[in-house]
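The primary structure of each chain is shown beneath.
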Amino acid sequence: MEYFRLRGTGVSPGIAIGEVRLTEKIVFSARKDTIEADQVAEELERLEAAIGRTRSQLVQIKEKIGKKLGEDHSFIFESHLLILEDKSLTQSLKKKIEEDLFRSEWAITQVHGRYMEIFDSISDEYFKQRKYDVSDVLSRLYLNLQPTEAPKKEDGKNRILVAHDLLPSEAASRLSRGNVLAVALDVGGTTSHTAILARSLDIPAVMGLRDITQSVKDGDTLIVDGAVGEVIINPPLAIRREFIGKKKKYDDYRRELQKTAALEARTLDGIRFTPMANIELPEEVKVAQLMGAEGIGLFRSEFIYFQSPELPEEEDHFRIYSQLAQQTAPMPVYIRTIDIGGEKTLPQLNIEKEPNPALGLRAIRFSLRDREIFRTQLRAILRASVSKNVSILIPMITELEEVYEVKTILREVQGELRQERVAFDEDIPLGVMIEVPAAAAITDKIVREVDYISIGTNDLIQYYLAVDRSNELVSYLFKPLHPSVLRLLKFIIDSAKKADKEVTVCGEMAADPLSAIVLLGLGLKNFSMNPIFIPRIKRVLRSIEYGTARKIVHRALTLKTAQEIEEHILEKILVKHPTALLMGGEYPSG
Ligand code: PEP
Ligand code: MG
């Protein structure tokens, strides 16, 4: 048994040691298969029957998973049902049968290929991942063309699932049985449903391993390190021992973090702060709560547009928002209207290719151009607001005129709903993201027009320092502690405080321990971040006094460089609270 190691992307942290259980790949037809013209009706019936079988399976699994794991996971199947009901999808399948005289298998293969091409042309990694949902539904449909299912091999006890790809529906049913130790896949990435599911079930997972299915067989021994993204095949005894030690260390660390999640979010001198979560899927609410989130500080609603190749309807939005609001209640949920355009372009949206996408028709700029899409989203958010914990958040505001326009549209939509006697929260808060420097510089004016503000430091720093947030070549310049950034943040936070309005930071800066201390010192109380970082930020902020953070910032604002500021914080913290920054790292490594 050969020993070797493979590197992929760690998508769900944790270490597992166990035996391989290899899963076969679903293969679509490779052969063009046609029918005669007089067989069209019969073939359409065959397709309809398969659609019917697929529908009832999805409904069944949805109910089963809903009971077992809660509604947030059964949601995957809700979206699969939507894909299955999608008119453009079924029509293209039928057209291939009626006009091209393709047998259903070949029609599905062709349509599947076309959809994969479309999704592959999208540059945003998160959206790209939605192709697996379409693939999942089409694979199920394909298998259902044969009325009887082939018998499946049992997973066995405590195995590590190895597959080319684990379709979201397969993942949900197999991972929920409680007998899977870890997952290792050839393809996939952090934002796939399977990855999200693995994280929320606390199952270590590594994806993007390219050819692990070619390299292992049933019964091989595997170590999966989900934090590092490594898979070790047939490890010798010494390595096994090393990883047993690492696993224990990691498990202890997780237990520690979990304890932090349950503790009150207060500084040493008793000042309350509120850690919240940034999420993209309703399924993530549970993990967020587990990590100690006191609300969803940012719901990136863009993902709804990737559930189906057609534009989502009001009901699609509504279903998701009300699920989100109900699950989070009584804690708050800030639903951000779509931040689409720029790089996150989509085939169903009418956006031209732009020479400079980051400075182009993004977010609210797009919403104010395609107003029907915006109104649909606002109607759905308003309808979901009956639980009284929903706020509307508008991204990428540049000038006050945009705020005025948004308010006019919101008033119109509210008027429509009143006329239709549809209930909504009459006091729903409206807030804007401060992430364009021009808006930041007039925060004192903007804040008077809205109920709260949320600082998107990812974009704010990108635009203020002229550093592309995703360009590795200039990432060394992306400095949240740059003196200019601190001055700007001080102005924004002070402006909100003077106007007695809530202010949150929802960029990654809130998840960085040193920056979080600075933000606290600037007077910030609401920190929203990727849920996985909440325990460490809670730990850091619980270990210092608000008064100390204020003093640190007072001095930091007089310093000249990010490095001087960083050194100053470290010096002060380490002298006064030598353990505050311990365990600040995401996971222990080695
Ligand atoms: C930000 O810009 O900081 C932010 C939270 O929004 P996004 O990362 O979605 O652009
Ligand atoms: Mg942003």
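Keep in mind it's a predicted model, so treat the numbers as computed, not measured. Every chain is numbered on its own, with residues counted from 1 as its sequence reads. Each chain takes a letter, starting from A, and each ligand takes a number, starting from 1, following the order in which they are written. Side-chain atom pairs in this predicted model are given and counted only at pLDDT of 80 or more, local residue features only at pLDDT of at least 70, and totals for whole chains, interfaces and linings cover all residues. Neither water nor hydrogens contribute to the side-chain values; these are computed over all heavy atoms in the structure.

Focus: the coordination of the magnesium ion (ligand 2)
Step number 1: For Na, K and Ca the donor cut-off is 3.2 Å; for every other metal, N, O and S atoms count as donors within 2.8 Å. Water does not enter the count, which can leave sites looking incomplete. Donor atoms from the polypeptide that bind the magnesium ion (ligand 2) are Glu435 (OE) and Asp459 (OD), placed at 2.0 to 2.2 Å. With Glu435 in the loop between strand S13 (430-434) and helix H16 (437-441) and Asp459 in helix H18 (residues 457-464), the pair connects residues that are 24 residues apart, well separated along the chain.
Step number 2: For each residue, the accessible area found with a 1.4 Å probe, counting protein chains only, is set against the maximum for its type, and the residue is called buried under 20%, exposed over 50%, and partly exposed in between. Residue classification places Asp459 among the buried residues on the basis of a relative accessible area of 3%. Helix and strand definitions follow DSSP, with helices as H or I runs of at least four residues and strands as E runs of at least two, each counted in order from the N terminus.

Quick look at the side chain of Arg300
Step number 1: Note that Arg300 resides in strand S10 (residues 296-300).
Step number 2: Setting aside chain neighbours within four positions, we find Arg300 in contact with Asn278, Ile279, Glu280, Arg336 and Asn458. Only heavy atoms enter the contact rule, under which two residues are in contact if any of them lie within 4.5 Å.

Observations concerning the pairing of strand S7 (residues 221-225)
Step number 1: Most of S7 is tucked away: five of the five residues are buried.
Step number 2: Alternating residues of S7 divide into Thr221, Ile223 and Asp225 and Leu222 and Val224, and every residue in both groups is buried.
Step number 3: Two strands are said to pair when DSSP picks up at least two bridges between them. Pairing of S7 with strand S8 (residues 230-233), which is carried by four bridges, proceeds in the antiparallel orientation. By the bridge assignment for S8, Asp225 is matched with Glu230.
Step number 4: What sits between the antiparallel neighbours S7 and S8 is a turn of four residues, in which Gly229 has the positive phi angle 85°.

Here's the deal with the site of ligand 1
Step number 1: Only heavy atoms are used to decide nearness, and a residue is near a molecule or strand if one of them lies within 4 Å of it. Lining the immediate environment of ligand 1, one finds 14 residues, of which Arg300, Arg336, Gly456, Asn458 and Arg469 sit closest.
Step number 2: Between N or O atoms, a polar contact is any pair within 3.5 Å; within protein, one atom must be a potential hydrogen donor and the other a potential acceptor, and residues adjacent in sequence are included only when both atoms are from side chains. Separating an oxygen atom of ligand 1 from a side-chain N or O atom of Glu435 is a distance of 3.0 Å.
Step number 3: Out of a free accessible area of 280 Å², ligand 1 has 98% covered by protein chains.
Step number 4: When residues of the shell around ligand 1 are traced back to their parent elements, those giving at least two are S10 and H18.
Step number 5: Looking at the shell around ligand 1, the element that brings in the most residues is H18, giving three residues. Computed with the Shrake-Rupley method and a 1.4 Å probe, the accessible areas treat only the protein chains shown as cover for residues.

Quick word on the domain arrangement of the chain
Interfaces are often sized by the accessible area lost when the parts come together.
Step number 1: What the domain assignment reports for the chain is domain 1 (1-235) and domain 2 (257-576).
Step number 2: In this entry, domain limits derive from an automatic or database-based domain assignment. Look at where the C-alpha atoms of domain 1 and domain 2 centre, and you get two points 33 Å apart.

Details of the packing of H18 against helix H19 (residues 483-498)
Step number 1: Every axis in this analysis is a line fitted to C-alpha atoms, fitted for helices over the stretch in contact. Angles between the N-to-C directions lie between 0 and 180 degrees. Interhelical geometry of H18 versus H19 gives an angle of 130° and a closest axis separation of 11 Å. In terms of orientation, H18 and H19 fall into the oblique class. Relative to H19, H18 is oriented so that their crossing is right-handed. Across the interface between the two elements, Thr457, Leu460, Ile461 and Tyr464 from H18 touch Ser484, Val485, Leu488, Leu489 and Ile492 from H19. Oblique is the label for every angle not falling under 35 degrees (roughly parallel), over 145 degrees (roughly antiparallel), or within 65 to 115 degrees (roughly perpendicular). Crossing chirality is assigned from the near helix's rotation relative to the far helix, an anticlockwise turn below a right angle marking it left-handed and a clockwise turn marking it right-handed.

Points about a negative patch on the surface
Step number 1: Patch rule: a residue counts if its relative accessible area is over 30% and it has no salt bridge; like charges are joined within 9 Å, and nonpolar side chains (Val, Leu, Ile, Met, Phe, Trp, Tyr) within 5 Å. The salt bridge criterion pairs a side-chain nitrogen of Lys or Arg with a carboxyl oxygen of Asp or Glu, the two atoms within 4 Å. The charged-residue count follows a simple rule in which Lys and Arg add positive charge and Asp and Glu add negative charge, with His and chain termini not counted at all. Lys charges are placed at NZ, Arg charges at CZ, Asp charges at CG and Glu charges at CD. Residues Glu36, Asp38, Glu42 and Glu45 make up a contiguous surface patch of negative charge.
Step number 2: Looking at where Glu42 falls in the secondary structure, it is placed in helix H1 (residues 40-69).

A word on the sheet that holds S7
Step number 1: Here we have eight strands laid out as an open sheet, ordered S1-S8-S7-S3-S4-S5-S6-S2, and mixed in their pairing. Here the strands that pair on one side only, and so sit at the sheet edges, are strand S1 (4-7) and strand S2 (9-12). Recorded for the sheet is a direction-independent mean angle of 30° between the axes of neighbouring strands.
Step number 2: Of the strands in this sheet, S1, strand S3 (15-23), S7 and S8 touch helix H10 (residues 237-262), which is tilted by about 110° from S3.

Some words on the nonpolar core
Step number 1: Take the buried residues of types Ala, Val, Leu, Ile, Met, Phe, Trp, Tyr and Cys, join any two whose side-chain atoms come within 4.5 Å, and each joined set is a nonpolar core. Core analysis: the largest hydrophobic core is formed by 110 residues, its most contacted members being Ile517 and Phe527.
Step number 2: In contact with Phe527, other than residues within four places in its own chain, are Phe273, Thr274, Pro275, Met276, Val505, Ala510, Ala516, Leu519, Leu520 and Leu541.
Step number 3: With 49 residues, the next largest nonpolar core counts Val11, Leu89, Leu141 and Ala163 among its residues.

Quick look at the pattern of salt bridges
Step number 1: Inspection of every chain in the model, using the stated rule, returns 38 salt bridges.
Step number 2: Among the ionic pairs, Glu314 bridges to Arg379, the shortest N-O distance being 2.7 Å. Taken together, the positions of Glu314 in helix H12 (residues 314-328) and Arg379 in helix H14 (residues 371-384) put the pair 65 residues apart, joining distant regions of the chain.
Step number 3: Looking at Glu314, the relative accessible area reads 18%, which means it is buried.
Step number 4: What makes Arg379 buried here is its relative accessible area of 13%.
Step number 5: Residues Glu420 and Arg379 are paired through a salt bridge, measuring 2.8 Å at the closest nitrogen-oxygen approach. One end of the pair, Glu420, is in the loop between helix H15 (400-419) and S13; the other, Arg379, is in helix H14, and 41 residues separate them in sequence.
Step number 6: Among the residues examined, Glu420 registers a relative accessible area of 43% and is labelled partly exposed.
Step number 7: Overlapping salt bridges, with partners in common, bring together Glu314, Glu315, Arg375, Arg379, Arg383, Glu412, Glu416 and Glu420 in one network.

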